[in-house]
Amino acid sequence: MLNSKKVKEVAKKLGADLVGIADVNRFEGAPKQMDPRYINPDAKTLIVLALRIPRGSLRGIEEGTYFLSYSSQGYGSINLIYMPFILYHLTRFIEDYGYEATPIPNDYYNWPAIDYGKGKIKENWSKSVSPEKPMPDIFIHFRIAAFCAGLGEIGYSKLLLTPEFGPRQRFACILTTAPLEPDPIYEGPKLCDRCMLCVKECSAGAISPKETVKVNVAGREIEWGKLDVDACSKGFQGKEPYKRYNPFIGEPSPVIIYSRAIEGARGCIRACMIHLEKEGKIKNKFKEPFRKRKAWHIEWEK
Ligand code: SF4
């Protein structure tokens, strides 16, 4: 008989660092365009997989000397190589038990009918196949899914923080008709203490210090700082339409579709991780602190 324990064991053998399981009804009340139940109305369970971002993939950005590792091994490879491999094989494993399993990869980009950064329906992009259905494609909010699957809490940065890796992981999901035992919503030690370092250290100023967004998910109210996605994109990529902001002059070609992370997730990942490590809140421990030298600063061309 297929059960949650078996699914988790196989997912971890395939390379997942964390696995959480949600009853799909935890999405009750979700906006239609973001409700996974429309992908398969007979699905019972959403399995959420997390793969860690290696801490060392951020090292070259921390030192300001090597940006390729994070874009490649901390981002593109996780979303577009390792995770699809795990999704594919775990899907096969579940389907061998006679349950349908729909892999939901983290490579959606311009597929959804909503602009997920701004939460708005895209104009002239999509239409429903019938009035009661949402427009293709539905967008699954992976961080909310991970929250529903009990993997952690949403921090002020809007990143999902886990007790294992803090802000340092990426997610993908499998939606299945298998009725698996769900994990409880995370009720462990509080991770985000509203230190606001994600806000202060984001050189693009992408996270509002005052304005917040509140949503109800699985019977809980969660809140995060309002994100300016254009500023975030500028900080991350510094390229068109933000090319003029690139402080490093030349623009390398993208690697596994990702460009150089100019800002290197300075606030939402690095500052948050440094803080949570100092507070002893992350289980994935290292022999030395991450930040050993003064953080670099470069003037962006205005
Ligand atoms: S940096 Fe501080 S405020 Fe921001 S998400 Fe992390 S713990 Fe929360």
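Note that the structure is predicted; figures quoted are calculated from it, not measured.

*Asks:* Help me understand the pairing of strand β1 (residues 18-23) in this model?
*Replies:* Strand residues, when the strand is regular, have side chains that alternate between the two faces of the sheet. Most of β1 is tucked away: 5 of the 6 residues are buried. Of the strand pairs in this sheet, β1 and strand β2 (residues 45-52) are connected by 6 bridges, and their pairing is antiparallel. Within β2, the position partnered with Gly20 by the bridge is Val48.

*Asks:* What is the right way to read the site of the ligand from this model?
*Replies:* The local shell around the ligand holds 13 residues, among which Gly155, Cys192, Cys195, Cys198 and Cys272 are the closest. Of all the secondary-structure elements, those providing two or more residues to the shell around the ligand are α5 (197-201) and α7 (266-278). Take the shell around the ligand: its biggest share by element is 3 residues, from α7. Partitioned by chemical class, the residues of the shell around the ligand number 8 nonpolar, 3 polar and 2 charged.

*Asks:* What am I meant to see in the packing of helix α1 (residues 4-14) against helix α3 (residues 68-95) here?
*Replies:* It is at 10 Å that the axes of α1 and α3 come closest, and there the two elements cross at 150°. One finds that α1 runs roughly antiparallel with respect to α3. Seen along the crossing, α1 lies across α3 with a hand that is right-handed. For the pair α1 and α3, contact is made by Val7, Val10, Ala11 and Leu14 and by Ile86, His89, Leu90, Phe93 and Ile94, respectively. The class makeup of the residues in the contact of α1 with α3 is 8 nonpolar, 1 polar and no charged.

About the thresholds
- Numbers given to residues run from 1 along each chain, matching the order in which its sequence is written.
- A pLDDT threshold of at least 70 governs which residues receive local features in this predicted model, and a stricter bar of 80 or more applies before side-chain atom pairs are shown or counted, although totals over entire chains, interfaces and linings include all residues.
- As a rule, residues whose C-beta atom has 12 or fewer other C-beta atoms within 10 Å are exposed, those with 20 or more are buried, and those in between are partly exposed; C-beta atoms are placed from the backbone.
- Only runs of H or I of at least four residues qualify as helices and only runs of E of at least two qualify as strands under DSSP, and these elements are numbered from the N terminus.
- Strands were regarded as paired on the criterion that DSSP finds at least two bridges between them.
- Near residues are defined by distance alone, with the backbone-placed C-beta atom required to lie within 6 Å of the molecule or strand.
- Lys, Arg, Asp and Glu make up the charged group, whereas Ala, Val, Leu, Ile, Met, Phe, Trp, Tyr, Cys and Pro make up the nonpolar group; the residues left over, Gly among them, are polar.
- Angular values range over 0 to 180 degrees, each being the angle between N-to-C directions of two axes fitted as lines to C-alpha atoms, with helices fitted over their stretch in contact.
- Here is the rule for angles: anything less than 35 degrees is roughly parallel, anything more than 145 is roughly antiparallel, 65 through 115 is roughly perpendicular, and the remaining ranges are oblique.
- Helix crossings fall into two classes, left-handed where the near helix is turned counterclockwise from the far one by less than a right angle and right-handed where it is turned clockwise.
- C-beta atoms are placed from the backbone for every residue, and two residues are taken to be in contact when these atoms lie within 7 Å.

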